[in-house]
Amino acid sequence: MRSLFISLLLLTGAFGAHAQEPAATSTEEVSEETTYAETIEIDSGFLYYTTSTDVGGALAASAHDTDGDGQLDVWFTYVDGVAASEAHDTDGDGQPDLTLTLAADETVTAMEGSGAAAFTPPPAQQFVPPADAAPAVPQDLVGDMRDITIAEENKAWMFFLILFVVAAALYFFWKRQQ
Amino acid sequence: MSMSNRAHLETHVQSVRKAAGVTQEQLALAVGVTRQTIISIEKGNYVPSVLLALKIAAHFSVPVEELFIIS
């Protein structure tokens with residue numbers, strides 16, 4: 001069992017071999033999928049807990065107590081040995097309340113939950129542009145003949161500047177005539 | 001931090017930490033983990049979560065790519 005555990009860790013690249021002897025070990029098997037659960041306590045309570053199915057011999061999930069409070073706070077899932085998601089308990093209640101999905105293209109999607117192991121998409125956010133925002137106009141910036149919409153530079157100040165200059169010029173011209 | 005089976009995660013946490021004059025205990029306290037977690041990360045025995053990697057990078061004000069390199 002210990003060698004299997006270590007080989008699982010090496011397979012995933014999540015851990016190297018641990019020199020310390022496990023202080024406590026428990027194993028449970030579940031019908032079709034064999035789930036291995038092992039707890040290793042090291043030094044002052046750094047706890048490893050891993051679960052895995054034996055399908056393909058790859059690690060399917062692992063969980064860890066990274067802050068040493070005795071309960072798990074980070075849960076990983078793996079697909080083909082690659083981390084696919086990680087869930088975090090950020091408020092210390094033992095339940096995941098933040099999950100990050102790690103896509104193959106290295107993008108990360110974060111989703112917050114209530115702490116009851118249930119996650120809901122974030123509410124749609126409405127963007128309210130400022131009152132003096134310039135209007136959006138379609139332009140082709142890169143010359144690929146595709147229209148994109150960008151905000152046009154606000155040139156209202158330039159209109160008022162020209163108006164002021166013209167008015168000032170007319171005023172001085174009128175004063176010189178008198 | 002996702003990585004393939006054959007990928008190796010090179011960590012520079014220890015060198016960056018020492019350059020900043022920060023102890024493992026101080027770093028652990030700052031990012032909310034145990035010193036053992038920091039030790040495991042520095043030894044390459046534990047691949048930190050994205051969240052933890054970002055916290056460490058933010059603590060040292062460096063890009064996360066400077067701390068962890070997939071080779």
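Check the entry above for the structure.
Residues numbered from 1 in each chain as written. Chains lettered and ligands numbered in written order. Predicted model: local features only at pLDDT ≥ 70, side-chain atom pairs only at ≥ 80, totals over all residues. Heavy atoms only, no water.

## So, the side chain of Ser85 of chain A
All names here are of chain A. The topology assignment puts Ser85 in strand 5 (residues 82-88). Take Ser85: its relative accessible area is 17%, and that puts it in the buried class. Polar side-chain contacts of Ser85 include one of 2.5 Å to the side chain of Thr77. Setting aside anything within four residues of it in sequence, one finds Ser85 in contact with Trp75, Phe76, Thr77, Leu100, Thr101 and Leu102. (Helix = DSSP H or I, 4+ residues; strand = E, 2+ residues; numbered from the N terminus. Buried < 20%, exposed > 50% of the residue type's maximum accessible area, 1.4 Å probe, protein only. Polar contact = N/O pair within 3.5 Å; in protein donor to acceptor, adjacent residues only side chain to side chain. Contact = heavy atoms within 4.5 Å.)

## Some points on the packing of aromatic side chains
Residue and element names in this part refer to chain A. Overall, the coordinates contain four aromatic pairs over all chains when judged by the stated rule. Plain terms: the ring middles of Tyr171 and Phe172 are 5.7 Å apart, the flat faces sit at 70° to each other, and that makes the pair edge-to-face. Residue Phe172 is classed as exposed on the basis of its relative accessible area of 54%. Counting every residue linked through ring pairs, the aromatic cluster contains Tyr171, Phe172 and Trp174. (Phe/Tyr/Trp six-rings, centres within 6.5 Å; stacked < 30°, edge-to-face > 60°.)

## Looking at the packing of helix 2 (residues 24-31) of chain B against helix 3 (residues 35-43) of chain B
Residue and element names in this part refer to chain B. Put simply, helix 2 and helix 3 touch, their axes get as near as 8 Å, and they point 110° apart. If you check the angle between helix 2 and helix 3, you find them roughly perpendicular. In contact with Gln24, Glu25, Leu27, Ala28 and Val31 of helix 2, helix 3 contributes Arg35, Ile38, Ile39 and Glu42. Across the contact of helix 2 with helix 3, the residue classes break down as five nonpolar, one polar and three charged. (Axes fitted to C-alpha atoms, helices over the stretch in contact; angles between N-to-C directions. Parallel < 35°, antiparallel > 145°, perpendicular 65-115°, else oblique. Nonpolar A, V, L, I, M, F, W, Y, C, P; charged D, E, K, R; others polar.)

## Details of the pattern of salt bridges
Residues and elements named next belong to chain B. All chains considered together, the criterion is met by one salt bridge over all chains. A salt bridge links Arg17 to Glu42; its shortest N-O distance comes to 2.5 Å. In this pair, Arg17 is assigned in helix 1 (residues 13-19) and Glu42 in helix 3, connecting sequence segments 25 residues apart. Like Glu42, Arg17 is buried. (Salt bridge = Lys/Arg side-chain N within 4 Å of Asp/Glu carboxyl O.)

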